[in-house]
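Structural features, examined
Here are the chains, one letter per residue:
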Amino acid sequence: MEKISVIGSGTMGNGIAHTFAQFGFQVNLIDVNPNALDQALQTITKNLDRQVSKGTLTDDQKTATLKNILTFTSISEGVKEADLVVEAATENIDLKLKIFKEIDQSAPNEAILASNTSSISITQIASVTQRGDKVIGMHFMNPVPVMKLVEVIRGYQTSDETTQLIMSLSESLQKVPVEVNDYPGFVANRILMPMINEAIYTLFEGIAGVYEIDTVMKLGMAHPMGPLQLADFIGLDVCLAILKVLHDGFGNPKYAPCPLLVNMVAAGRKGIKTGEGFYKYTAGSKDMVVSDKFKKPNS
C-alpha cells in the first residue's frame, strides 16, 4: 500500500495527510475548495516546522514530507490510483454517503475505503458502495501527528483481511490501533460525549462554573484538559452532532444534548474554531479566559 488519498483538508484531513506523508506514503489531499487546500498546506508546514524545532524531525524529512503531498479539487481525479482512500469530511451523514458513492465509482476496485467519522455508522456508509467488505472506519484523534490512538471500526460487512491490513497500516504510522465494532459512537465517543454533556448540564443547572468544573476533572480525575475546554477544542457543533447520533441510534434519553449546548451552537459559539465557546480565545495564542457569558458577577 503506497498511494493514499485523503478527502477533506480541514483539521483532521490535513493532519491525516501530514502523518501518511511523513511516513513515506504518496498522498493526494482532496478538497473542493482550493483556498482550503492552500490553508491546509500552510498548516502542515507550520506543524512540520514545530517538529523540526523540537528535534523530532530533520529539515530533510520536512522537505520530503511536503514533496509527498499533492492537492486536488476533484475526487474522481484524486482517488483514481489510490490504494486507500480516507474520507475526513464534515460529520454529516448525507455528505459522507454522497462522497462514498463517488469514491466507489472512481477508485480502483481493490482500493480500501475508510472514513474518519467519529460516530456515524460504517455499515450505513458501506451500503452505498459495491465493496462493503473493503469499507472500514479509521478514527484518528486530534491532533493527528501527535495522538497515538486509531479507532479501527469494523462495519457489518468489513472483512478480516481489510481489518488486518488497516491495523498493520496504522502500526506503520507508529499509531496504536484498537479494533471496535460498529455501534453509535463506537468506544471513544460513546464514553466521552456523555461525560462532556454531563459537564455542560452541571454548568446549565448552576452547580458550578466553567473553571470549577474543569478544575475538578483535571485535578481530581487527572484529566489533562477539563471537559468544557475539551468540548471547545473538539468543536461544540461536532459534540452536538455526535450526541444526536447517539440519541437517535440508541433512543435513550441519557444521550439527549443539553439545551445549553444546543443554544450555543445555534448562536455560533462553537469553541476554538469561532474564538469563543465556554472560553474566549486569542487568535495565534494559547491564552484563554472564561467566556463573559459564564463569568460570575464581579469576577
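Since the structure is predicted, the reported quantities are computational estimates derived from the model, not experimental observations.

**Here's the deal with the nonpolar core**
- Membership of the largest hydrophobic core comes to 31 residues, with the highest contact counts inside it found for F20, V27, L84, M138 and F140.
- At five residues, the largest contribution of residues to this core is made by helix α1 (residues 11-22).
- Beyond its immediate stretch of four places on either side in the chain, F140 contacts M12, I16, F20, N116, L149, V150 and L173.
- By size, the runner-up hydrophobic cluster in this structure holds 26 residues, among which are L236, C258, M264 and V265.

**Observations concerning the pattern of salt bridges**
- Counted according to the given criterion, the structure contains 13 salt bridges.
- The shortest N-O distance in the salt bridge between K280 and D292 comes to 3.5 Å. Residue K280 is found in strand β9 (residues 279-281), and its partner D292 is found in the segment after β10 (288-290); the two are separated by twelve residues along the sequence.
- Judged by relative accessible area, K280 falls into the partly exposed class, the value being 32%.
- When salt bridges with common partners are traced through the structure, they connect E87, E91 and K96 into a single cluster.

**A word on the UniProt feature "binding site: NAD(+)" (unreviewed entry) in the protein**
- On the UniProt side, "binding site: NAD(+)" (unreviewed entry) is annotated at positions that read G8, S9, G10, T11, M12, G13, D31, E91, K96, S118, N142 and K273 here.
- Of note, G8 is situated in the loop between β1 (3-7) and α1.
- Taking the relative accessible area as the measure of exposure, G8 reaches 11% and is therefore buried.
- Here G8 is in contact with G13, N14, L29, I30, D31 and A88, once residues within four sequence places are set aside.
- Its relative accessible area of 51% is what places K273 among the exposed residues.
- Contact partners of K273, with chain neighbours within four places excluded, come to G235, D237 and V238.
- Of the polar contacts made by the side chain of K273, one reaches the side chain of D237; its length is 2.9 Å.

**As for the UniProt feature "site: Important for catalytic activity" (unreviewed entry) in the protein**
- The residues that UniProt annotates with the feature "site: Important for catalytic activity" (unreviewed entry) are H139.
- Once residues within four sequence positions are removed from consideration, H139 is found in contact with S115, N116, T117, S118, L149, V150, E151, I153, A188 and N189.
- A distance of 2.8 Å separates a polar atom in the side chain of H139 from a polar atom in the side chain of E151.

**Section: the sheet that holds strand β2 (residues 26-30)**
- The strand order across the open sheet built from eight strands is β3-β2-β1-β4-β5-β6-β7-β8, with neighbouring strands paired in mixed fashion. One side of each edge strand has no neighbouring strand; the edge strands of this open sheet are β3 (69-72) and β8 (176-181). Across the sheet, the axes of successive neighbouring strands diverge by a mean angle of 25°, strand direction being ignored.
- In the sheet, β2 pairs with β3 via four bridges, with the strands oriented parallel. Looking at the pairing, V27 lines up with I69 of β3.

**Structural notes on unusual backbone geometry**
- Along the chain, N142 connects to P143 via a cis peptide bond; the corresponding omega equals 0°.
- As for its placement among the helices and strands, P143 is situated in the loop between β6 (135-140) and β7 (149-154).
- Positive phi outside glycine occurs at F186, with the angle close to 55°.
- Tracing the backbone through its elements, the reader meets F186 in the loop between β8 and α8 (188-204).

Criteria and thresholds
Residues numbered from 1 in each chain as written. Predicted model: local features only at pLDDT ≥ 70, side-chain atom pairs only at ≥ 80, totals over all residues. Heavy atoms only, no water. Core = buried A, V, L, I, M, F, W, Y, C linked by side-chain atoms within 4.5 Å. Buried < 20%, exposed > 50% of the residue type's maximum accessible area, 1.4 Å probe, protein only. Helix = DSSP H or I, 4+ residues; strand = E, 2+ residues; numbered from the N terminus. Contact = heavy atoms within 4.5 Å. Salt bridge = Lys/Arg side-chain N within 4 Å of Asp/Glu carboxyl O. UniProt positions renumbered as here; feature names shortened; annotations may be inferred. Polar contact = N/O pair within 3.5 Å; in protein donor to acceptor, adjacent residues only side chain to side chain. Pairing = 2+ DSSP bridges. Axes fitted to C-alpha atoms, helices over the stretch in contact; angles between N-to-C directions.

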